[in-house]
Amino acid sequence: MIKAQKAITHISWQVVDHNVIALSIKKLQNRIVKAKMDGRIRMVKKLQSLLVKSLNARILAVKRVSENKGKNTAGIDGELLNTDNKKMKCVKALKVDLSSYRAQPLKRVEIPKKNGKMRPLGIPTMFDRALQALFKLALEPIAEVTADKNSYGFRAKRSTQDAMKQIWLRTCKKNSREWVLEADIKGCFDNISHQWLYDNIPLDKRLLKQWLKSGFIKNDTLFPTNSGTPQGGIISPVLANMVLDGIEAIVQKHNKVTTKTIDKVVIHRQGVCFNFIRYADDFVVIGENPKLLRLLQIEIEVFLNERGLELSKEKTHITHIRKGFDFLGFNFKKFPNGKMLVQPTKEGIKSFKSKVKEIFKLHRSSNISVLIKKLNPLIRGWGNYYRFVNSKSIFDTLDNYICLNQ
């Protein structure tokens, strides 16, 4: 077995059949899901251990971190997995002794947010990213089994458009509930309780502690991390989802139907129903009564407090659907005639115009082909994101805006 591993590390990365490897890992993940659903906890642990020790999983983990969007962003060691030889060496190194493993500090990078503030990112080294990707392969099946049904962020084959569609389905009918609790969790990734993660995440505690307590380096100074999971880590979105899974159960607990019967004939039926949709750390609850939504919000806050989290007072409020609300860059509003419209938000339109204007400003004297090359990805991306909603008139307006800026 050892000889076989040494032999394959000398084979060119291009020779490896990644489709076959991905299929084999998928089959093993399906076995983990089945064992979890059957309540066979010991079998789940054995299968997870088999997965993280397998050569196929290590190859797939390296492939994912060396070919994603962050492949050219190094950690504090400056190393990249940009050659076949480096990738195969990393595959071999991933068979690490966890008792002696020490995660390196994160490289702190700040990127601007829509509200003008800065979002801190913690960038692990390539090796730490690959190790996280490896154990993520074993943790994802468990996360999917325990996930909220209407959670759409950082999950395979789910998108913001799916969340948007679910909200539309729950609000488009004439008798749909019309009060919405718009909720935003304050600093979700930065404030998650480490102790809760140790107690509830089915992952080696030594390994989890290394990733959570590695600290970050900023201006050549090492800062400790006492709470939260770093934004920028491969496994962080899965951990955050597992922390928040359970809110939907609280919401569904309040759904009930009462009936009044005479001689076994139903003469009156009354129901209390809430709908829950979440994307990452943003979620909405749709109900028929603002008072009941407020009581439900209190229960959700208790749930979050146990995990070291709280709702943002500035961004959390209850709104009537006729007034409209924004979620994931979409504006949802129901008109008096019962028509439900979903459109791009005013902030999204303003941001798009600002980016177009900046491109024209930077390339005012450039060749027209250069200008088109810069504009096309922005226009195509924005158009693809909003093409499923009521955007025709807005698209026409933006077309005119681009033409007038030429």
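Attention here is on the structure that accompanies the text.

The rules behind the values
- Residues numbered from 1 in each chain as written.
- Predicted model: local features only at pLDDT ≥ 70, side-chain atom pairs only at ≥ 80, totals over all residues.
- Heavy atoms only, no water.
- Pairing = 2+ DSSP bridges.
- Helix = DSSP H or I, 4+ residues; strand = E, 2+ residues; numbered from the N terminus.
- Axes fitted to C-alpha atoms, helices over the stretch in contact; angles between N-to-C directions.
- Disulfide = S-S within 2.5 Å.
- Buried < 20%, exposed > 50% of the residue type's maximum accessible area, 1.4 Å probe, protein only.

## Regarding the sheet that holds strand β5 (residues 221-223)
Here's step 1: Ordered by their spatial adjacency, four strands build an open sheet running β2-β1-β4-β5, and the pairing between neighbours is mixed. Sheet topology places β2 (118-123) and β5 at the edges, where each strand pairs with a single neighbour. Along the sheet, successive strands turn relative to each other by an average axial angle of 45°, direction set aside.
Here's step 2: Here strand β4 (residues 216-218) runs beside β5; their pairing, made up of three bridges, is antiparallel. Among the inter-strand pairings, F216 is bridged to a residue of β5, identified as F223.

## A word on the pairing of strand β1 (residues 106-112)
Here's step 1: As judged from the two bridges shared by β1 and β4, these two strands associate in the parallel manner. In the sheet register, K107 faces β4, and the bridge partner there is I217.
Here's step 2: As judged from the six bridges shared by β1 and β2, these two strands associate in the antiparallel manner. For K107, the partnering residue across the bridge sits in β2 and is I123.

## Quick look at the state of the cysteines
Here's step 1: As enumerated under the stated definition, the model contains zero disulfides in all.
Here's step 2: Cysteine C172 is unpaired, with the sulfur of C273 as its nearest cysteine sulfur at 14 Å.

## Quick look at the pairing of strand β3 (residues 179-184)
Here's step 1: Counting buried positions over the six residues of β3 gives five, a clear majority of the element.
Here's step 2: In terms of strand pairing, β3 meets strand β9 (residues 282-287) through six bridges, oriented antiparallel. Bridging from a neighbouring strand, D184 pairs with D282 of β9.
Here's step 3: As paired strands, β3 and strand β10 (residues 317-320) are joined by four bridges and run antiparallel to one another. Across the sheet, the residue bridging to E182 is H317, located in β10.

Geometric descriptors of this kind do not, in isolation, establish any biological role.
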